[in-house]
Amino acid sequence: MPTVGIKKKSRVPGVMITQFIESLPEGKSHPDFTRKPIALTIQEGKFAFFKAIVTGDPQPTVTWSRNNGDVSDTSRYQTKYDPNSNEHTFEMPNVQPDQADTYKCFAVNEFGQAVVTVVLNVIEVGYKKNKAKQPAAEAIDGNFKTVLKRKSKIRPKAEQERKEGEIDPKFWELLISADKKDYESICAEFGVTDFRWMLKKLNEMKKEREEEQAQFVKSLSNLKPIQVNADGTASFEIDMDLLDPSSSIFLYKDGVMVPYTKELGDKMKHGLKQVGRKYIFSMRDLMPDDAGLYQLDVEDVNMFSTEFKIPMVDFLVKLQEVKATEREDAVFECVLSNPFSKILWFGKNLPLEQGDKYDIEVSEDKLIHRLVVKDCMIVDKGIYSACAGIKSCNAWLVVEADKDAQKGKKTARKTTRAGGSGVDLQKIAEEQQVKLVKDREERKEQIKAVKEAAAAAPPPETPPAPAPTEAPAPKAPESSKITDNRVNEKPVITGGLSDIYALRGNPAELSVTMNIDSDGGWFKDGEQLNSGAGVAIKKDGTSHKLNIRSCRDDDSGVYRFVSGDLSTQGKVTVGDVPEFDPDDLHKFSKPVIIRVGQNAAFKMPFPPQESLVVSWFKDGTELKDGGGIKIVREPNHSRLLLKDCLRTDAGEIKIQLKNPFGAVEATSRLIVLDRPGPPEGPVETVETTSSIIEIKWSPPKDDGGSAVTNYIIERQQAGQSLWTKLGDVSADKTSFRDRNVTHGKKYNYRIYAENPEGLSDSLETADSIMAGIMILSGPPGAPTVVSASKTCIKLTWTPPEDDRGVPVIGYQLEKRKKDTNQWIALNAVNEPIEDVSYAVKDVTEGAEYEFRVSAINESGAGDPSPPSAMVCAKNPNMRPCFKDPEDFIVVRAGNSARIKICYEAEPPPQITWLKDDEPISPWTHVINTEGMSQLVIPSSKRSDSAIYTIIAKNSVGEASFDIEVRVTDEPKTPGPVELEQTVQGKVVVSWAPSPDQELDDRLYYVVSQHDSNIRMWKTVADRLFTNTYTAININPGTEYHFRIYAKNDVGLSDPSQSPTWGVNSNRVNSTELSFERPPSILVPLKVHTPPKGYQLYMTCAVRGCPTPTVSWYLNDICINSDSNYYMTNSFGVCSMYILRVRSKDSGDYKVVAVNPLGKAECSTKLTVRGKV
């Protein structure tokens, strides 16, 4: 076999296949990889391994090699194979840096070879990014370029040495990878204020970096900075199209290389996941020391830099599980240990943002954070989590279906809120705020004490110490004493100036405190101030104060206190508290009145001001934009729009204007008009007599925003469906007296409240109220069983002896099954049995029952009667008897014969059929059903004629009945007819008997005659059992003709013609005609395609003389004797009937007609379709 080298393509990218022969034998294949080894970056000393799975027939041999070295040392390289998983493993225990190389895996069989390469990168312990690794070529080969030989501008913190004024390289790395919107915050963090210079230098660095990146990537996009995920991990993403997919990728943190792997992501802290062009680097088990600058390099070029900041924060109050009803709002709350302007919220592992579905709220102190899930639905249930820094907490949202909702209708949104922490969050936040302030004060005191100690310490005689910025002064020991000699003490400002806001026209004070008594001066915007002109300068020991008696606009400015080389400054801003125009305030204070479902709008003008915060409140709760609330903020006014208002939206509406000088509020009210709520229940019965029912109720809790004008009362008689209006009463009356009642009857009432907006929902009585005292009838007599069968039990009973003065209107009948304790009513109280008898048809055959009956009057059902005797639902025993049977049946030969006999008997009898007192043939079918027995002869013959006897026998007795069955056919034509005159005027007509005369004892003859005067045939003799007939009144000179018919129970034969009697000189004797002819098909069979299970008629028409014998065939098999087919032949019309067609009835059907003169046939096709 010649050897060739044909390159083949593998389904796994990166696999090279070479096929050794041109065509593979059947069932054989060249090697291929279904799982190739994955590139690995691992730390020195760890356990490294590659895994591969190969296929091929025959089984390939797998070997491993490396580009720059040998793998024969079994102490460093081990090859294993697992036959269960079909995995080939190449292991390197305690991997060393010199093992970093490109490895190859070979799979070879006699038909081809598959090769795949994989790179192993080894990180030296303690290796830094800026440290150049010794080339591996020194030990192995000068051409091997290590992937770790390069430097970075970012160096580890321990090695960072920058000159004063030099910008941290971290600043430029962050800017290169950041969005433009983040430039300002990054510059502020690193203290860069010259933006024009920064942008110019940044553009130059970006251009240089893009040229370097172009050596390894085609495109770079979608740079997403590092952030914490809902599952507690942190990740950053980048879309990167590599020129060479095998290029090495490295990850650094603060200049130190970080080990990661694609395959061992669940075992190592850092992992890489690649999806197409997207690279996702993740980090789990987050700790505070994970904060830092993370950089992604391809070979020796940086692609992306992002900073991971971890604030020191924790959850004081964590999220709690929330159970909400559909269309209700759900609230998750938490309290943080330190102020946090924004935390991350996740729902079912997806980030959540402020919008129509979610409200994210933060308190003013930024300690309390809330997530509001609005208008909850079943699909909203799941786990919700809050993430602050690397800390997170989560809780379940359980959404339950609204049980009060009407089926098929959408319920209105609820105004209630579910959830919350269940504790006083405001109190916890205030306590934490006090603690934070206290901690800050303590730190200030510590710094102050350090500064005082440093100032009080005598100057050293040794060379001067480093500047305070280089090393902080040590804290003075507690035993140190400040000497009374103030000459050596340096002045220090212990209490400096801060920015203040002063109200116009009010006094303001600036104060500075020194550690010793020293002089100082005050300056405003660079100009020195002196007492006078509204300004007073005071000095009291170490305290220096500047008082402004009445602040004016020109008092605003930067104030500075100078004492020697020391100075402190603060800004004074003079302004006013926001205010409203009186006319606008009066207009706003008027309430806004709307109807339910309408929109409510509030607008408040105000003078334009800087640093003005506008807030809207409802009943003290701040409103947020979103959902049904729209807040518009313009420079000179603000608008509030509430959409589709409900009654619960009514309340106090307040707008607040706030600036650094104070706040002002304006209040209005929203009134939402609606129809009132239902009157408060329950409905109480004040009085009930035989002629009066008085009820009372309470006013509705919610009058719909306008006063209730009146109440409307309706009534319904118990057991009826019609409600009738009785009248109405004024709003100040909450009772009603019904005088049109009937004693003993029960009534239901419902009450509506009405106001100008419409009618409320109704308040209905819980139970029916009876007029007067309930008087129930006494018990009737115990039911008596009249008859019982398996389907019906007839009962009768006597009326109660004591009806207690109230007429009985009917009865209620109950039954109880044996071995049970439950009485089941057979009729409702409002559907009484009017007679004293009843036929119970709801019974189970063979079960035993007892019955009881109660009399019903206007008050209801009275006491039940004693139970009846236990009765079994079964037919009574009786001797078999036959119902209207037929004793004589005639069947045409060839057709099926059916004898159907109905009977009555209990218990069911045993049925036996006899033929002429002998057992019937096995070809005869007997079908027994309940109350009926049927004997079927599929294709009858004359020999089936007999006396058939049916015998029914049970344990009570026995009965029998005889049925004569006559199987015959149309008789054959009688023989030749002869005429002879023995007496004048009489002619003796004689004929040869029909061939069927001996076979059929019920055969007789009919004679018809016609003459030349009348020319009409008329029957002159009937039911002749002889072969002669004497015709009378035969006149000379008249021609006579006679026809002889044979007749039996099936019909007439063809006639036998007589010769002409009489002589007529004017007529010529005609030639005798013959009617005999072979069979022929007049109407052929038609094609049929009935559905399965349907009935079918198949018909054709045949003629011939003598009458032909007709046979039916299915697929050339005669079916005349098959009981599944019912065939008839009526005067040449041949029919076949199938009660329910089956699939096996499909095929070719043929009808064959035969007589002594010949044969005729026709055929068709029957196709049974599947059930429709």
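Residues numbered from 1 in each chain as written. Predicted model: local features only at pLDDT ≥ 70, side-chain atom pairs only at ≥ 80, totals over all residues. Heavy atoms only, no water.

(A) Inspection of the packing of aromatic side chains at higher detail. Evaluation of the coordinates by the stated rule reveals 22 aromatic pairs. Centroid distance F90 to Y103: 5.9 Å. Interplanar angle 55°. Geometry classified as tilted. With a gap of 13 residues between them, F90 in strand β8 (residues 87–92) and Y103 in strand β9 (residues 101–109) connect regions that are remote in the sequence. Neither residue differs from the other here; F90 and Y103 are each classed as buried. Through pairs of rings, three or more aromatic residues link up here, namely F50, W64, Y77, F90 and Y103. Over the ring of W823 we find R816, and its NZ or CZ is 5.9 Å from the ring centre. (Phe/Tyr/Trp six-rings, centres within 6.5 Å; stacked < 30°, edge-to-face > 60°. Helix = DSSP H or I, 4+ residues; strand = E, 2+ residues; numbered from the N terminus. Buried < 20%, exposed > 50% of the residue type's maximum accessible area, 1.4 Å probe, protein only. Lys NZ or Arg CZ within 6 Å of the ring centre and 35° of its normal.)

(B) Local environment of the sheet that holds strand β41 (residues 621–622). The strand order β38-β45-β44-β40-β41 describes an open sheet built from 5 strands, whose pairing is mixed. On the outer flanks of this sheet lie β38 (592–595) and β41, each paired with one strand and no other. Relative to strand β45 (residues 662–673), β38 is paired through 4 bridges, and the arrangement is parallel. Among the inter-strand pairings, I594 is bridged to a residue of β45, identified as V672. Packed on one face of the sheet, helix α5 (residues 582–589) meets β40 (613–618), β44 (651–659) and β45 and runs near 30° to β45. (Pairing = 2+ DSSP bridges. Contact = heavy atoms within 4.5 Å. Axes fitted to C-alpha atoms, helices over the stretch in contact; angles between N-to-C directions.)

(C) Geometry of the packing of helix α1 (residues 169–177) against helix α2 (residues 183–190). Where α1 contacts α2, the two axes come as close as 10 Å, and the packing angle between them is 175°. Judged by the angle between their axes, α1 and α2 are roughly antiparallel. Contacts between α1 and α2 involve K170, F171, L174 and L175 from the former and Y183, I186, C187 and F190 from the latter. Of the residues in the contact of α1 with α2, the class split is 7 nonpolar, no polar and 1 charged. (Parallel < 35°, antiparallel > 145°, perpendicular 65-115°, else oblique. Nonpolar A, V, L, I, M, F, W, Y, C, P; charged D, E, K, R; others polar.)

(D) Quick look at the UniProt feature "domain: Ig-like" (unreviewed entry) in the chain. Per the UniProt record, "domain: Ig-like" (unreviewed entry) is annotated on residues 31–117, 876–968 and 1078–1167. Within the segment residues 31–117, helix and strand shares are 0% and 59% respectively, and the terminal C-alpha atoms sit 15 Å apart. Annotation note: span residues 1078–1167, helix share 0%, strand share 59%, distance between end C-alpha atoms 32 Å. (UniProt positions renumbered as here; feature names shortened; annotations may be inferred.)

(E) Fine view of α2. Taken as a whole, α2 has its buried residues at Y183, I186 and C187. Taken end-on, α2 shows its buried residues confined to a sector of 100°, consistent with a single buried face. Exposed side chains of α2 directed beyond 90 degrees from the buried face belong to E184 and A188. Next to the buried residues of α2 lie α1 and α3 (195–213). Once α2 ends, the next one or two residues include G191, with phi positive near 75°. (Arc of directions from axis to C-beta.)

(F) How the structure looks around the side chain of T233. Along the chain, T233 turns up in the loop between β11 (217–228) and β12 (234–242). What makes T233 buried here is its relative accessible area of 17%. When sequence neighbours within four positions are dropped, the list of residues in contact with T233 reads Q227, V228, M283, R284 and L286.

(G) Seen up close, the side chain of N1120. By secondary structure assignment, the location of N1120 is in the loop between β82 (1117–1118) and β83 (1126–1130). For N1120, a relative accessible area of 15% translates into the label buried. Within polar-contact distance, the side chain of N1120 engages the backbone nitrogen of W1112 at 2.9 Å. Every residue in contact with N1120, bar those within four places of it in the chain, is listed here: P938, S939, V1110, S1111, W1112 and M1127. (Polar contact = N/O pair within 3.5 Å; in protein donor to acceptor, adjacent residues only side chain to side chain.)

(H) Quick look at the packing of α1 against α3. Contact geometry of α1 with α3 gives a least axis separation of 10 Å together with a crossing angle of 75°. Accordingly, the angle class assigned to the pair α1 and α3 is roughly perpendicular. Here α1 contributes F171, W172, E173, L175 and I176 to the contact with α3, which in turn contributes W197, M198, K201, L202, M205, K206 and R209. Here the contact of α1 with α3 is composed, by residue class, of 8 nonpolar, no polar and 4 charged.

(I) Representation of a positive patch on the surface. Together, K587, K590, K603 and R639 give the surface a local cluster of positive charge. Positionally, K603 belongs in strand β39 (residues 600–605). (Patch = residues over 30% accessible without salt bridge, like charges linked within 9 Å, V, L, I, M, F, W, Y side chains within 5 Å. Areas by Shrake-Rupley, 256 points an atom, 1.4 Å probe, with all protein chains shown as cover. Salt bridge = Lys/Arg side-chain N within 4 Å of Asp/Glu carboxyl O. Lys, Arg positive; Asp, Glu negative; His and termini not counted. Charge placed at Lys NZ, Arg CZ, Asp CG, Glu CD.)

(J) Here's a closer look at the pairing of strand β77 (residues 1040–1047). When strand β74 (residues 1004–1011) meets β77, the two strands line up antiparallel, connected through 8 bridges. Bridging across to β77, Y1004 finds its partner in K1047. Pairing between β77 and strand β78 (residues 1056–1057): 2 bridges, direction antiparallel. Looking at β78, one finds that I1044 is bridged to S1056.

(K) Main features of the sheet that holds β83. Taken in spatial order, the 4 strands of this open sheet run β79-β80-β84-β83, and their pairing is antiparallel. Each of the sheet's edge strands pairs with one partner strand only, and the pair in question is β79 (1077–1083) and β83. Strand-to-strand twist in this sheet, taken as the mean axis angle between neighbours without regard to direction, amounts to 25°. Sheet analysis places β79 next to strand β80 (residues 1096–1105), joined by 4 bridges and oriented antiparallel.

(L) Region of interest: α1. Buried residues dominate α1, accounting for 8 of its 9 residues. Residues of α1 that are buried: K170, F171, W172, E173, L174, L175, I176 and S177. Buried positions along α1 lie against α2, α3, β11, β17 (292–298) and β18 (301–308).

(M) Local environment of the nonpolar core. Formed by 29 residues in total, the largest nonpolar core has its most connected members in M240, I249, F281 and F308. Where this core is concerned, the elements lending two or more residues are β11, β12, β13 (249–253), β16 (278–283), β17 and β18. Leave out the neighbours within four places in its chain, and I249 touches M240, L242, Y260, Y279, F281, L296, D297 and V298. (Core = buried A, V, L, I, M, F, W, Y, C linked by side-chain atoms within 4.5 Å.)

(N) Local environment of the pattern of salt bridges. Taken as a whole and judged by the stated rule, the model has 52 salt bridges. Its salt-bridge partner being K414, residue D402 comes within 2.7 Å of it at the nearest N-O pair. In this pair, D402 is assigned in the loop between β27 (391–400) and β28 (417–419) and K414 in the loop between β27 and β28, connecting sequence segments 12 residues apart. According to the relative accessible area criterion, D402 is buried, its value standing at 15%. The shortest N-O distance in the salt bridge between D1145 and R1142 comes to 3.2 Å. Given the relative accessible area of 1%, D1145 is considered buried. Three or more residues are tied together by salt bridges with common partners; here these are K224, E237, D239 and K278.

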